[in-house]
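Examining the three-dimensional arrangement
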Amino acid sequence: MEAVVVYESLWGNTAAIARAIAEGIGPEARALTTTEATGEAIANADLIVAGAPLLAFRLPTEKVRESLRANRGREPAPDLSNPSMRSWLAALPAGHGRSAGFETRFRWSPGSATAAIVRGLERAGYRLVAKAHRFIVKGTYGPLRDGEIERARQWGAELAKAMG
Ligand SMILES: Cc1cc2nc3c(=O)[nH]c(=O)nc-3n(C[C@H](O)[C@H](O)[C@H](O)COP(=O)(O)O)c2cc1C
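The notes below deal with the structure included here. (Residues numbered from 1 in each chain as written. Predicted model: local features only at pLDDT ≥ 70, side-chain atom pairs only at ≥ 80, totals over all residues. Heavy atoms only, no water.)

**A word on the overall build of the protein chain**
- Summing up its helical and strand segments, the protein chain has 6 helices and 6 strands in all.
- Its helices and strands in sequence order give the protein chain the pattern β-α-β-α-β-α-α-β-α-β-β-α, from N to C terminus.
- Considered along the principal axes of its C-alpha atoms, the protein chain spans approximately 45 × 35 × 25 Å.
- For the protein chain, buried positions account for 50% of its 164 residues. (Helix = DSSP H or I, 4+ residues; strand = E, 2+ residues; numbered from the N terminus. Buried < 20%, exposed > 50% of the residue type's maximum accessible area, 1.4 Å probe, protein only.)

**Quick word on the pattern of salt bridges**
- Evaluated as defined, the whole model comprises 11 salt bridges.
- A salt bridge links Arg-65 to Glu-62, with the shortest nitrogen-to-oxygen separation between them at 4.0 Å. Remark: Glu-62 and Arg-65 occur in helix α3 (residues 62-70); sequence separation between them is 3 residues, near one turn of the helix.
- Here Arg-65 falls in the buried class, since its relative accessible area comes to 4%.
- Put simply, Glu-148 and Arg-145 hold a salt bridge, and the shortest N to O gap is 3.6 Å.
- Looking at Glu-148, the relative accessible area reads 2%, which means it is buried.
- According to the relative accessible area criterion, Arg-145 is partly exposed, its value standing at 33%.
- Each member of the salt-bridge network shares a partner with another, and the members are Glu-8, Glu-62 and Arg-65. (Salt bridge = Lys/Arg side-chain N within 4 Å of Asp/Glu carboxyl O.)

**Examining the site of the ligand**
- Taken together, 19 residues lie near the ligand, and Ser-9, Leu-10, Thr-14, Leu-54 and Thr-140 sit nearest.
- Within the backbone of Leu-10, an N or O atom sits 2.7 Å from an oxygen atom of the ligand.
- Here Phe-57 contributes a backbone N or O atom positioned 2.8 Å from an oxygen atom of the ligand.
- Relative to its unbound accessible surface of 640 Å², the ligand loses 91% to contact with the protein.
- Put simply, the parts of the chain that give the shell around the ligand at least two residues each are α1 (13-25) and β4 (98-105).
- Residues of the shell around the ligand, tallied by class, amount to 10 nonpolar, 8 polar and 1 charged. (Near = heavy atom within 4 Å. Polar contact = N/O pair within 3.5 Å; in protein donor to acceptor, adjacent residues only side chain to side chain. Areas by Shrake-Rupley, 256 points an atom, 1.4 Å probe, with all protein chains shown as cover. Nonpolar A, V, L, I, M, F, W, Y, C, P; charged D, E, K, R; others polar.)

**A word on the side chain of Ser-99**
- Here Ser-99 is to be found in strand β4.
- Exposure remark for Ser-99: the relative accessible area of 0% places this residue in the buried category.
- From its side chain, Ser-99 meets the backbone oxygen of Tyr-126 in a polar contact 3.1 Å long.

**Considerations on α1**
- Between the first and last C-alpha of α1 there are 19 Å, a value that for 13 residues agrees with the 18 Å anticipated at 1.5 Å per step.
- Of all 13 residues in α1, 11 are buried, a share of seventy percent or more.
- The set of residues buried in α1 consists of Asn-13, Thr-14, Ala-15, Ala-16, Ile-17, Ala-18, Ala-20, Ile-21, Ala-22, Gly-24 and Ile-25.
- Where α1 is buried, its residues touch β1 (3-7), β2 (30-33), β3 (47-53), β4, β6 (133-136) and α6 (148-163).
- Note on α1: the residue one or two positions beyond its end, Gly-26, has a positive phi of about 145 degrees. (Expected span 1.5 Å × (residues − 1). Contact = heavy atoms within 4.5 Å.)

**Some thoughts on the nonpolar core**
- Membership of the largest hydrophobic core comes to 24 residues, with the highest contact counts inside it found for Val-5, Ile-21, Ile-25, Val-49, Phe-102, Trp-155 and Leu-159.
- Listing elements by their share of this core, those giving two or more residues are β1, α1, β3, β4 and α6.
- Top contributing element to this core by residue count: α1, with 8 residues.
- Ala-45, Leu-59, Met-85 and Ile-117 belong to the second largest nonpolar core, which has 22 residues in total. (Core = buried A, V, L, I, M, F, W, Y, C linked by side-chain atoms within 4.5 Å.)

Put into structure tokens, the structure is as follows:
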């Protein structure tokens, strides 16, 4: 099985979860930034797992990313060097693998990033193999709650199993 875990991550929390999911899926799975996950890199993917942070109650918009770029200095510097998950999904070529979405976020926030992620994956023809997952941070910029990395690994293993 060829599996890729694609992520948007400004402060590293979603990247850490993505790597753990890939580990859980197995040695053949790769965690890729939206820059690395080119059409060519994912062309043969049987499974695409896509994740992003929940920012301002949504999958990060270009507007939110721009305001973070403009406000540099008031917070830990965000990594805005990769395209947004939103733009990656908009450019995702049609495929016929399976998919799953995840987000990192606070425990009790309204809103969802995975709704838009799942919509984008399904629009491109990637049918869902599992319900979307949430991974929780303790503060505005992280860190992840204790145990979340292990939970991500376990979810990766479950996804691999569901793929057969
Ligand atoms: C500007 C900003 C807005 C945020 N908005 C929300 C939000 O609406 N709901 C939520 O649950 N978490 C929110 N968070 C927390 C992030 O979702 C969390 O830190 C996430 O893990 C960041 O992922 P990353 O490190 O991969 O960029 C926000 C964080 C920041 C910095």
